[in-house]
Amino acid sequence: MKRARRRRQVGLHLFLLAVLSLTLLPLLFVINNSLRTNSELNHSFFGVPKAASEGVQITADRVEGKARFDVSESSDKGAKIDHVGYGAAMRTIGRRLADGYSYAWEILRPYTLNTILVCLATVLGVVAFGSISAYIFSKCRFPGRGVLFIAILSFMMIPGVLTLVPSFMLVKRLGLLNSHWVLILPYVAGGQVFAIFLFKGFFDGLPGELFESARMDGAGHFRLYWNLVLPLSRPVIAVVAIVNVLGTWNNFLWPFITNSDAKYHVISSGLYLMGQSTVSANYATMFAAYVLSSIPLLVLFLYATKPFMAGVTSGAFKA
Amino acid sequence: MLTPTLALLAVFSLVPFLWAFATSFYDYEVGSDAHFVGLSNYSEYLHDPTLVVSLKNLLFLTVAGIVVVMTAPLIVAKSIFSLHSERARYLYRVLFLIPVVVPGVATLMIWQGMIYGDAGFLNELLRLVGRGDLTRGWLTDPRSVLWAIVFIGFPFAGGINILIYYAGLAGIPDSVHEAASLDGAKGLRKFLAIDVPLVLSQIKLLTILTVIGTIQGFEGMFILTRGGPGFKSMVPGLWMYMNAFTFQRMGYACAIGVLLFLLILGLTILNLKYFRSSEELTAEAA
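Only a predicted model underlies this, so the values are computations on that prediction, with no experimental measurement involved.

Below, the discussion takes up the overall build of chain B. If you tally the helices and strands in chain B, you get 15 helices and two strands. Overall size of chain B, expressed as C-alpha extent along the three principal axes, is 75 × 60 × 40 Å. When burial is assessed residue by residue, chain B has 39% of its 286 residues classed as buried. Put simply, 67% of the contacts in chain B that link residues at least 6 apart link residues at least 24 apart.

Here you go:
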């Protein structure tokens, strides 16, 4: 009985590991290919980076007592072969491996900064307006409150495909094209609705005595909101923030159509334009760009996995 | 203090919403005057050469999307949930989340070039095993293009869907499992009879999101195929986009957008009316 259960656990692990490796396989190939030159890739899709294997070979030679090593500076330009010491050889190897990355970062850096700026502004706006409005709907009484709340929520029903074209005509007429505002303002407008929904649900669930005792002490709405409600809402803020960062980070079409000026491109539209430009002929640069564009969210997730999972698991996501 | 919220909604949500309907009744090309044409944009779309193939593709992609979202992530979530070790369960959930950090555009471009490209993973793998005769431009061959689009993201296990199912499975009370075991339910039968009905609300949520997402979504087709070869992978959303931003026909594009909105609205109402969540089913049973 016990052995059968152990076997079942092992089977589950094997199954999960198989699915996991299939899931991550493309990413491993991207990383591997980002370290290989065009001629290596054209020669064979499968294989380890030549520079890396040369590095291993040189290190092995050094262990055996060799002092000078042959290393080629740029394998695409070909001919130039240096006969140098270990440190210089390894530096050349490193330069060759980082080749795609240094070029890709040069192109992606402004896009990355734009994306981070837009993400921060969007999250700030969504959390601020979302929580303030939710607080008002949850804790203040005024005529028409219920109707207005439903009216705001009903905006969630409007699909983006309907408003894409008129939204473009609108921001064009407002003169917002080619700016950060053309992204931030519509993102905040759309994102705050779901935030209001989540925040209000959370605020409604806070015990009423908490507010009464604070009010007895003479706290006004602003103090209640700032000193009591906001600090308690950190899990909701985390979910709202991550949902909006993910949305902003991945939105491609809107930045693509509203920003013709390369200065304002974000990562998504920038990557696409990279793929359309002559840069794409250099495979390593493109693959390096995919890796680099994934790092910011990877860092975010390293910090935010726990609250994010708690938020998703809390049951906000069901119909 | 509600002013910022209401002002932003009015300008950036309400105005485009109303404007979409209004524009759909006009023949409006950028740079020239708008003429009122009544319903003729709508009747033109009913005779549009892309309409039939677009709807067929939409149906295919929607059905495929529903099948995918109802199987792979649920099976993986159930497998993770069945592990005894708490740490292993957490680790797997984190590892399956990794693909989320890759920008969507990058994922599409990786599949387009690295997997489906002429000298990409799939073709090279076929050559390696001696089936070079099967190689093709997966996204340019009319026979394979739709399947190639559907299979992007295989094995469909990365991402947030697993977490949503996992949360549903974790919400099933232990007493239910104990009672089922006492009744002799085991393995697959127990999974189908106990787990699946009790995560129905998650299945329902992900299905609705998939359907709405597929009807709206054309980013993938825009980046991968531009609807090609020919109109082989055209969808209504992409045709709307092309009419607006390639042919500058804003009125016609808005009419297509309105029709897609009505389709989504209709499906949402149907869903609210005819499909009940597991909570409601549980409440009725109690």
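A few words now on the overall build of chain A. In terms of regular secondary structure, chain A is built from 13 helices and two strands. With the C-alpha coordinates aligned to their principal axes, the bounding extent of chain A is approximately 85 × 70 × 40 Å. Counting every position in chain A, which comprises 319 residues, the buried fraction comes to 39%. In chain A, once contacts between residues fewer than 6 apart in sequence are set aside, the share between residues at least 24 apart is 72%.

Opposite the 64 residues of chain A that make contact, chain B presents 72 residues. It is helix α1 (residues 2-33) of chain A that contributes the most residues to the side of chain A that touches chain B, 14 residues altogether. Residues belonging to the side of chain A that touches chain B are distributed by class as follows: 46 nonpolar, 17 polar and one charged.

Residue and element names in this part refer to chain B. Structurally, the position occupied by His 35 is in strand β2 (residues 35-36). Here the alpha-carbon distance between His 35 and Phe 25, two residues ten residues apart in the chain, equals 8.5 Å. Apart from the residues lying within four places of it in its own chain, the contact partners of His 35 are Tyr 26 and Asp 27.

Ranked by size, the top nonpolar core spans 147 residues in total, and within it Val 240, Ala 289 and Tyr 290 of chain A together with Val 76 of chain B carry the most contacts. Once residues lying within four places of it in the same chain are set aside, the contact partners of Ala 289 of chain A are Ala 104, Leu 108, Leu 271 and Met 274 of chain A. With six residues, the next largest nonpolar core counts Leu 35, Ala 51, Phe 69 and Ala 89 of chain A among its residues.

For residues other than glycine, phi is negative in most cases, and the peptide bonds are mostly trans. Residues and elements named next belong to chain B. The residue after Phe 154, namely Pro 155, is reached through a cis peptide bond having omega 5°. Cis peptide bonds are those with omega within 30 degrees of zero, and the linkage from Gly 228 to Pro 229 qualifies with -5°. Relative to the elements of secondary structure, Pro 229 occurs in the loop between α12 (219-224) and α13 (236-245). Although it is not a glycine, Arg 226 sits at a positive phi angle of roughly 55°.

All names here are of chain B. Between helix α3 (residues 51-81) and helix α8 (residues 160-170), whose axes approach to 8 Å, the crossing angle comes to 55°. With respect to their mutual orientation, α3 and α8 come out oblique. Classified by chirality, the crossing of α8 by α3 is right-handed. Along the contact surface, α3 presents Val 69, Pro 73, Leu 74, Val 76, Ala 77, Lys 78, Ile 80 and Phe 81, while α8 presents Asn 161, Ile 162, Tyr 165, Tyr 166, Leu 169 and Ala 170. Looking at side-chain class alone, the contact of α3 with α8 contains twelve nonpolar, one polar and one charged residues.

This next bit is on the pairing of strand β1 (residues 69-72) of chain A. All names here are of chain A. The alternating pattern of β1 places Phe 69 and Val 71 on a buried face, while none of Asp 70 and Ser 72, on the opposite face, is buried. Pairing between β1 and strand β2 (residues 81-84): four bridges, direction antiparallel. Paired with Val 71 across the strands is Asp 82, a residue of β2.

Here we come to α1 of chain A. Residues and elements named next belong to chain A. The terminal C-alpha atoms of α1 lie 45 Å apart, and with 32 residues this matches the ideal 46 Å at 1.5 Å per residue to within 8%. Along its length, α1 reaches its greatest deviation from straightness, about 40°, at Leu 24, and the proline Pro 26 lies no more than four positions downstream. Along α1, the positions that sit buried rather than exposed are Leu 16, Val 19, Thr 23, Pro 26, Val 30 and Asn 33.

Residue and element names in this part refer to chain B. Along the chain, Asn 243 turns up in helix α13. Considered as a pair, Asn 243 and Glu 29 are 214 residues apart in the sequence and their alpha carbons are 9.9 Å apart. Asn 243 has contacts with Arg 249, Tyr 252, Ala 253 and Ile 256, leaving out every residue within four places of it along the chain.

Moving on, we get to helix α6 (residues 160-173) of chain A. Spacing of three or four residues puts side chains on the same side of an α-helix, whose turn is 3.6 residues. Residues and elements named next belong to chain A. An ideal rise of 1.5 Å per residue puts 20 Å on 14 residues; α6 measures up with 19 Å between its terminal C-alpha atoms. The largest bend along α6 measures about 30° and falls at Pro 166. Val 161, Leu 162, Thr 163, Leu 164, Val 165, Pro 166, Ser 167, Phe 168 and Val 171 are the residues of α6 that are buried. Remark: Gly 175 follows α6 within two positions and exhibits a positive phi of approximately 75°.

Below, the discussion takes up the confidence of the model for chain B. Atomic detail in the predicted coordinates should be set aside for any region of low pLDDT. Mean pLDDT over chain B: 91, with 96% of residues reaching 70 or higher. Across the interfaces of the predicted complex, the ipTM metric reaches 0.90, alongside a pTM of 0.91.

Scored by pLDDT, chain A comes out at a mean of 89, with 96% of its residues at no less than 70. Highest mean pLDDT in chain A belongs to helix α11 (residues 253-258) of chain A (95); lowest belongs to β2 of chain A (80).

This part is about the environment of Leu 174 of chain A. By the element assignment, Leu 174 of chain A lies in the loop between α6 and α7 (181-205). In sequence terms Leu 174 of chain A and Gly 100 of chain A are 74 residues apart; their C-alpha atoms lie 40 Å from each other.

With their axes 9 Å apart at the nearest point, α7 of chain A and helix α1 (residues 3-23) of chain B run at an angle of 115° to one another. As judged from the angle between their axes, α7 of chain A and α1 of chain B are roughly perpendicular. As for how α7 of chain A packs across α1 of chain B, the hand of that crossing is left-handed. In contact with Leu 185, Pro 186, Val 188, Ala 189, Gly 190 and Gln 192 of chain A of α7 of chain A, α1 of chain B contributes Thr 5, Leu 8, Leu 9, Phe 12 and Ser 13 of chain B. Its residues assigned to classes, the contact of α7 of chain A with α1 of chain B comprises seven nonpolar, four polar and no charged.

What counts, and at which threshold
Residues numbered from 1 in each chain as written. Chains lettered and ligands numbered in written order. Predicted model: local features only at pLDDT ≥ 70, side-chain atom pairs only at ≥ 80, totals over all residues. Helix = DSSP H or I, 4+ residues; strand = E, 2+ residues; numbered from the N terminus. Buried ≥ 20, exposed ≤ 12 C-beta atoms within 10 Å, placed from the backbone. Contact = placed C-beta atoms within 7 Å. Nonpolar A, V, L, I, M, F, W, Y, C, P; charged D, E, K, R; others polar. Core = buried A, V, L, I, M, F, W, Y, C linked by C-beta atoms within 7 Å. Axes fitted to C-alpha atoms, helices over the stretch in contact; angles between N-to-C directions. Parallel < 35°, antiparallel > 145°, perpendicular 65-115°, else oblique. Left-handed = near helix turned anticlockwise from the far one by under 90°. Pairing = 2+ DSSP bridges. Expected span 1.5 Å × (residues − 1). Bend = angle between axes of the 7 residues up to and from the residue. pLDDT = per-residue confidence, 0-100.

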